[in-house]
Amino acid sequence: MPQPKILAIAGGVGGAKLALGLARGLPPENLTVVVNTGDDETFHGLHVSPDLDSVTYALAGLTNPDTGWGVAGDSFRTLEALGRLGAETWFGLGDLDFATHIRRTALLADGMSLSQATAEITRHLGITCAVVPMTDAPVRTIAITDSGELAFQEYFVHRGCEPRITGVRFDGADAAQPSPAFADALRDADAIVYCPSNPLVSVGPILAVPGVRDSIANFAGPRIAVSPIVGGQALKGPAAKMMGELGEEVNCVGVARRYVGLCDALVIDDVDREHSGAIEECGMRAVVTGTIMQTEFDKERLAREIVELIAGWSR
Ligand code: FO1
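Calculation rules
Residues numbered from 1 in each chain as written. Predicted model: local features only at pLDDT ≥ 70, side-chain atom pairs only at ≥ 80, totals over all residues. Heavy atoms only, no water. Phe/Tyr/Trp six-rings, centres within 6.5 Å; stacked < 30°, edge-to-face > 60°. Buried < 20%, exposed > 50% of the residue type's maximum accessible area, 1.4 Å probe, protein only. Lys NZ or Arg CZ within 6 Å of the ring centre and 35° of its normal. Salt bridge = Lys/Arg side-chain N within 4 Å of Asp/Glu carboxyl O. Helix = DSSP H or I, 4+ residues; strand = E, 2+ residues; numbered from the N terminus. Pairing = 2+ DSSP bridges. Axes fitted to C-alpha atoms, helices over the stretch in contact; angles between N-to-C directions. Contact = heavy atoms within 4.5 Å. 1 Å grid on protein atoms, 1.4 Å probe; cavity = no way out; pocket = protein on both sides within 12 Å on 5 of 7 lines; lining within 4 Å. Points joined across faces, edges and corners; volume = space filled by probe spheres on them. Nonpolar A, V, L, I, M, F, W, Y, C, P; charged D, E, K, R; others polar.

## Details of the packing of aromatic side chains
Evaluated as defined, the whole model comprises six aromatic pairs. Ring centres of Trp90 and Phe91 lie 6.1 Å apart, and the angle between their planes is 80°; this geometry places the pair in the edge-to-face category. The exposure class of Trp90 is partly exposed, given its relative accessible area of 23%. Grouping aromatic residues by their ring pairs yields a cluster made of Phe43, Trp90 and Phe91. Sitting over the ring of Trp313, Arg285 keeps its end group 3.9 Å from the ring centre.

If you want it as structure tokens, here you go:
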């Protein structure tokens, strides 16, 4: 069977890892990675798209391996100099990373859409598959917390996810539409893969773009999700804390409940095998395998297993 055309839905670090594995195993024209932009923020007058950059740097082989975001070996002299000038420095933008934000901001100021600017940046970094924002419209994730409403990076980085959340909101989503390449992939892909990204604040904003949820609900091919919660803990970031504070089950079953009607199989880690029955009660298959991606080999192996699952899929 020819290789399937895959639409991968990604947030930041976890999304970037599986996107790299998929990119290694598929012809570039068979992979579109659609990325959350609800985390975007303006810093120092520059348009920063953290999740687009995490995916881009991973695919370009530039990622800082210690963090999963930012550029390997980066320095922070520009940020230090900005601090001396009285600017806020809590968001860790590196010197090399700054180049991406300067270039993106200039391309947007020249009249490009975020999709076009991203295509230009990824092409120059040698990326051959499509990396696309979920929308070209401004959408901003707001954490509603016991300390008030906080823009996502304020909540996540500046406040270290410490305030208790009571909800999340995606400002601007109602007026947004899927980016052109996202809309094409929703129509043309053979399968959808949800990368192991935070279901609330990474995948949530993508599903909040009008028309996306319905398109995925009615999608003809297999829809496979990888749980970002393993053994009751988030692989990275605040997913477990947020789900707990919202009264959701903090395990892969809680992830399954978020994807009811939008997913045909949830890939869970070996340590979560006991939850298979509860996942199948959510109307999806439970596929048990090793899901922790520490090495390049792990990323390629998990991606290969997902592609094989798709290739052999029958409902
Ligand atoms: N995450 C942090 O925890 N601290 C930072 O200072 C930080 C800076 C940063 C700069 C550029 C970039 O692309 C990402 C950065 N991130 C940082 C990660 C980012 O906040 C998260 O990956 C996402 O927004 C959540 O998916």
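Past the structure itself, the notes keep going.
## Notes on the pattern of salt bridges
All told, the structure shown has 16 salt bridges when counted by the stated rule. Here Arg24 ties to Glu296 by a salt bridge, and the two come within 2.9 Å at their closest N and O atoms. Remark: Glu296 occurs in helix α13 (residues 296-311) and Arg24 occurs in helix α1 (residues 13-25); sequence separation between them is 272 residues. Asp270 serves as the salt-bridge partner of Arg273, at 4.0 Å between the closest nitrogen and oxygen. With a relative accessible area of 40%, Asp270 lands in the partly exposed category. It is possible to trace a salt-bridge network through shared partners that takes in Arg24, Glu296, Lys299 and Glu300.

## Looking at the sheet that holds strand β10 (residues 223-226)
With respect to topology, seven strands assemble into an open sheet ordered β5-β2-β1-β9-β10-β13-β14, the strand pairing being parallel. Looking at which strands have only one partner, the edges of the open sheet turn out to be β5 (130-133) and β14 (285-289). For this sheet the average axis-to-axis angle between neighbouring strands, irrespective of direction, equals 20°. Of the pairings in the sheet, the one linking β10 to strand β13 (residues 265-269) comprises three bridges and is parallel in character. Across the sheet, residue Ala225 finds its bridge partner in β13, namely Leu266. With respect to the sheet, α13 is in contact with β1 (6-10), β9 (191-194), β10, β13 and β14, its orientation differing from that of β10 by roughly 155°.

## Concerning the side chain of Lys299
When you line up the elements, Lys299 lands in helix α13. Aside from chain neighbours lying at most four places away, what touches Lys299 is Lys17, Leu18, Leu20, Gly21 and Met293.

## Here we look at the layout of surface pockets
In this structure, the largest pocket spans a volume of roughly 730 Å³. Lining the largest pocket are 37 residues, with Gly12, Val13, Trp69, Phe156 and Lys236 positioned closest to its centre. For the lining of the largest pocket, the element with the highest residue contribution is helix α2 (residues 50-60), accounting for five residues. Classifying every residue of the lining of the largest pocket gives 18 nonpolar, 13 polar and six charged. For the second largest pocket, the calculated volume is near 340 Å³. Around the second largest pocket sit 18 residues that line it, and Lys17, Thr63, Pro65, Gly68 and Lys299 are the ones nearest its centre. Sort the elements by how many residues they give to the lining of the second largest pocket and α1 lands first, with five residues.

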